[in-house]
Amino acid sequence: MKKTLIIGASPNPERYAYRAAHMLTAKGHDIVNVGIKKGEVAGVEIEKPGVIHHDIDTITLYIGPHLQDQYYDYILQTKPKRVVFNPGTENVELESLLVDNEIEPVEACTLVLLSTGQY
């Protein structure tokens, strides 16, 4: 299973990050929720960015490009194998940084990847 860090986690059931957290855990993946909202999602507390997790396979982004630059160092220090850019989060600058640091950028939808067994 791929331990996944969700950037943009939200306790709001209307948000795709919320749905992804529940689908990931339902499919057996451990998750780390990172965001600015307080609360929990899928039984996991939402934490502020800061603690570097060194056992992350995938980071899935649910924040727009205009907010991502404050997470660049956090993402690079986490050293995931890949970063999933969900629709609306695509960012050429961050994708280039990832490639330079041997992290695979993936433009896809986490929910679709999970639903189709491609995650």
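Residues numbered from 1 in each chain as written. Predicted model: local features only at pLDDT ≥ 70, side-chain atom pairs only at ≥ 80, totals over all residues. Heavy atoms only, no water.

**Topic: the overall build of the chain**
This is how it is decided: Starting at the N terminus, helices and strands are each numbered in turn, a helix being any DSSP run of H or I of at least four residues and a strand any DSSP run of E of at least two. Our radius of gyration looks at C-alpha atoms and nothing else; its globule reference is 2.2 Å times the residue count to the power 0.38. Partly exposed describes any residue whose relative accessible area lies between the buried limit of under 20% and the exposed limit of over 50%, with all areas from a 1.4 Å probe on protein chains only and scaled to the type maximum. The Shrake-Rupley method, run with a 1.4 Å probe, gives the accessible areas here. Residue values count only the displayed protein chains as cover.
Across its full length, the chain holds five helices and seven strands. Listing each helix as α and each strand as β along the chain from the N terminus yields β-α-β-β-β-β-α-α-β-α-β-α. For the chain, whose C-alpha radius of gyration is 13 Å, the value lies close to the compact-globule estimate of 14 Å for 119 residues. Summarising its shape, the C-alpha atoms of the chain cover approximately 35 × 30 × 25 Å along the three principal directions. The proportion of buried residues among the 119 residues of the chain is 45%. Accessible surface for the chain amounts to roughly 6,300 Å². Of this, 51% is attributable to carbon and sulfur atoms.

**As for the pairing of strand β2 (residues 31-34)**
Defined as follows: Pairing between two strands requires that DSSP report at least two bridges joining them.
The side-chain alternation of β2 yields two buried faces, one formed by Ile 31 and Asn 33 and the other by Val 32 and Val 34. Bridge count between strand β1 (residues 4-7) and β2: four bridges; the pairing is parallel. Within β2, the residue paired with Ile 6 across the bridge is Asn 33. Note that β2 and strand β4 (residues 44-47) share two bridges and pair parallel. The residue of β4 that forms the bridge with Val 34 is Glu 47.

**Some points on the pairing of strand β7 (residues 104-107)**
Our working definition: Every crossover in which the path from the first strand over the helix to the second runs clockwise, viewed with the strands pointing away from the viewer, is termed right-handed.
Here strand β6 (residues 82-85) runs beside β7; their pairing, made up of four bridges, is parallel. Directly across from Val 84, in β7, lies its bridge partner Val 106. After leaving β6, the chain enters helix α4 (residues 92-100) and then returns to the sheet as β7, a path that is right-handed.

**Re the nonpolar core**
Convention followed: We define a nonpolar core as any set of buried Ala, Val, Leu, Ile, Met, Phe, Trp, Tyr and Cys residues linked to one another through side-chain atoms lying within 4.5 Å. Between two residues, a contact is recorded if the distance between any of their heavy atoms is within 4.5 Å.
Ranked by size, the top nonpolar core spans 18 residues in total, and within it Leu 5, Ile 7, Ile 59, Leu 61, Ile 75, Val 83 and Leu 98 carry the most contacts. Where this core is concerned, the elements lending two or more residues are β1, β2, β5 (58-61), α3 (72-78), β6 and α4. The element that contributes the greatest number of residues to this core is α3, accounting for four residues. Ignoring anything within four residues of it in the chain, the contact list for Leu 61 reads Ile 7, Gln 68, Ile 75, Val 83, Val 84, Phe 85, Asn 86, Thr 89 and Leu 94. In terms of nonpolar packing, the next biggest core, distinct from the first, is built from 14 residues, Ala 17, Ala 20, Ile 46 and Leu 113 among them.

**Looking at helix α1 (residues 16-26)**
An α-helix turns once per 3.6 residues; consequently, residues spaced three or four apart project the same way. We apply this condition: Along the arc lie the directions from the helix axis toward the C-beta atoms.
Inspection of α1 places Ala 17, Ala 20, Ala 21 and Leu 24 among the buried residues, and these make up the whole buried set. The buried residues of α1 occupy an angular sector of 100 degrees when projected down its axis, which confines them to one face. On its buried face, α1 is in contact with β1, β2, β3 (40-41) and α5 (110-115).

**Quick look at unusual backbone geometry**
Unlike most non-glycine residues, Lys 79 shows phi in positive territory, near 55 degrees. You can see Lys 79 is positioned in the loop between α3 and β6. A residue is classified by how much of its surface remains accessible, and Lys 79, at 63% relative accessible area, is exposed. At Glu 102, a position not held by glycine, the phi torsion is positive, near 60 degrees. Assessed through its relative accessible area of 74%, Glu 102 is described here as exposed.

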